[in-house]
Amino acid sequence: MDTDIQQYLKSFDLNDPADPNVIRNVENQLGFLFPDEYVKFLLHANGGEGPIGDNYLQLWKVEELIEDNERYSVEEFAPGILIIGSDGGDTAYCMDTRSKEMPFVSMPFIGMDLEEVELCGSTFTKFLDFLNKVSNAD
């Protein structure tokens, strides 16, 4: 895992690494490959939670992504968005699979709608950097 990512997650309670076969299985079920940095993170820690700056981040386990997205009816309300975690409250953190680059975005759980999607970073590292800077700018 990249040093930048490790620096952001130093206060995180990280889960054990994800099984590469489980990652591939989820990708196959979803019909796309996760961004490389996100896969490297999953191979280091299959989700986890903790503070980034003044923000809180919960990253879901890869094997829970499909079921959790179905439970929130994401495909109905925000097609092409895949929730990968949250702030522990009303904000969902996601990948926007409508674009080949699959940027990381946020949207509210309540009022979930494609018009509410906001860019947080073009890569996993930039997403974590965004969360760190947003909290420090307040």
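What counts, and where the lines are drawn
Per-chain numbering applies: the sequence of each chain, read as written, is numbered from 1 onward. The model is predicted, so local features are restricted to residues of pLDDT at least 70 and side-chain atom pairs to those at 80 or more, both for listing and for counting; the totals for chains, interfaces and linings are taken over all residues. To get the side-chain values, all heavy atoms of the structure are used, and hydrogens and water are removed first. A fitted line through C-alpha atoms serves as each axis, taken over the contacting stretch for helices, and the angle formed by two N-to-C directions is quoted from 0 to 180°. Only DSSP runs of H or I with at least four residues qualify as helices, and only runs of E with at least two residues qualify as strands; both kinds are numbered from the N terminus onward. Roughly parallel here means an angle under 35 degrees, roughly antiparallel means over 145, roughly perpendicular means 65 to 115, and every remaining angle is called oblique. Here a crossing is taken to be left-handed if its near helix is turned anticlockwise relative to the far helix by less than a right angle, and right-handed if that turn runs clockwise. It only takes one pair of heavy atoms within 4.5 Å for two residues to be counted as in contact. Residue classes follow a fixed rule: Ala, Val, Leu, Ile, Met, Phe, Trp, Tyr, Cys and Pro count as nonpolar, while Asp, Glu, Lys and Arg count as charged, and any other residue, Gly among them, counts as polar. We place a 1 Å grid over just the protein atoms. Points where a 1.4 Å probe fits but has no way out form a cavity, open points with protein on both sides within 12 Å along at least 5 of 7 lines form a pocket, and any residue with an atom within 4 Å of a point lines it. Grid points are joined across faces, edges and corners, and a volume is the space filled by probe spheres set on the points. For two strands to count as paired, DSSP must find a minimum of two bridges between them. Nonpolar cores were defined as sets of buried Ala, Val, Leu, Ile, Met, Phe, Trp, Tyr and Cys residues, with membership established by side-chain atoms within 4.5 Å. Exposure classes here rest on a 1.4 Å probe applied to the protein chains alone. A residue is buried below 20% of its type maximum, exposed above 50%, and partly exposed in between. Charged-residue counts in this description rest on Lys and Arg as positive and Asp and Glu as negative, His and the chain ends being excluded. In the sections that follow, a salt bridge refers to a side-chain nitrogen of Lys or Arg positioned within 4 Å of a carboxyl oxygen of Asp or Glu.

With that out of the way, let us pick up the packing of helix α2 (residues 20-30) against helix α3 (residues 36-44). Contact geometry of α2 with α3 gives a least axis separation of 10 Å together with a crossing angle of 140°. Here α3 runs oblique to α2, going by the angle between their axes. When the axes of α2 and α3 are compared, the crossing they make is right-handed. Along the contact surface, α2 presents Pro20, Ile23 and Glu27, while α3 presents Val39, Leu42 and Leu43. When its residues are assigned to classes, the contact of α2 with α3 shows five nonpolar, no polar and one charged.

Right, let's get into the layout of surface pockets. Put simply, the largest pocket is a space of about 220 Å³. Lining the largest pocket are Leu30, Phe32, Ile66, Asn69, Glu70, Ser73, Val74, Glu75, Gly80, Ile81, Leu82 and Thr97. At the level of elements, α4 (65-71), α5 (74-77) and β4 (81-86) are the ones that each hand at least two residues to the lining of the largest pocket. Sorting elements by how many residues they give to the lining of the largest pocket places α4 first, with three residues. Split by residue class, the lining of the largest pocket holds six nonpolar, four polar and two charged.

Quick look at the sheet that holds strand β2 (residues 48-52) now. If you walk across this open sheet you meet the seven strands as β1-β2-β3-β4-β5-β6-β7, and the pairing is antiparallel. Looking along the sheet, the strands with just one partner apiece sit at the ends: β1 (13-14) and β7 (118-121). Pairing of strand β6 (residues 104-108) with β7, which is carried by three bridges, proceeds in the antiparallel orientation. Its bridge partner lying in β7, valine 105 is registered against leucine 119.

Before going further, it helps to examine the nonpolar core. Within the largest apolar cluster, 43 residues are counted, with the highest numbers of intra-cluster contacts made by Phe34, Tyr38 and Met107. In contact with methionine 107, not counting residues within four places along its chain, are Val74, Ala78, Ile81, Ile83, Asp90, Thr91, Ala92, Cys94, Met112, Glu116 and Val117.

It is worth spelling out the pairing of β4 at this point. Across the six residues of β4, six count as buried, placing the element largely inside the fold. Relative to β4, strand β3 (residues 55-59) runs antiparallel, the two being bridged by two bridges. Opposite leucine 59, over in β4, you have glycine 85 as the bridge partner. Here β4 pairs with strand β5 (residues 91-96) via five bridges, running antiparallel. Note that in β5 the partner of isoleucine 81 across the bridge is aspartate 96. As consecutive antiparallel partners, β4 and β5 are separated by four residues, and within that stretch glycine 88 has a phi angle of approximately 85°, a positive value.

What follows covers the side chain of glutamate 27. Looking at the element boundaries, glutamate 27 is found in helix α2. Buried charged residue glutamate 27 carries no salt bridge. Nearest counter-charge: arginine 24, at 6.7 Å. Each residue touching glutamate 27, except ones within four places of it in the same chain, is listed here: Phe32, Leu33, Phe34 and Val39.

Tracing the backbone through its elements, the reader meets leucine 33 in the loop between α2 and α3. For leucine 33, a relative accessible area of 60% translates into the label exposed.

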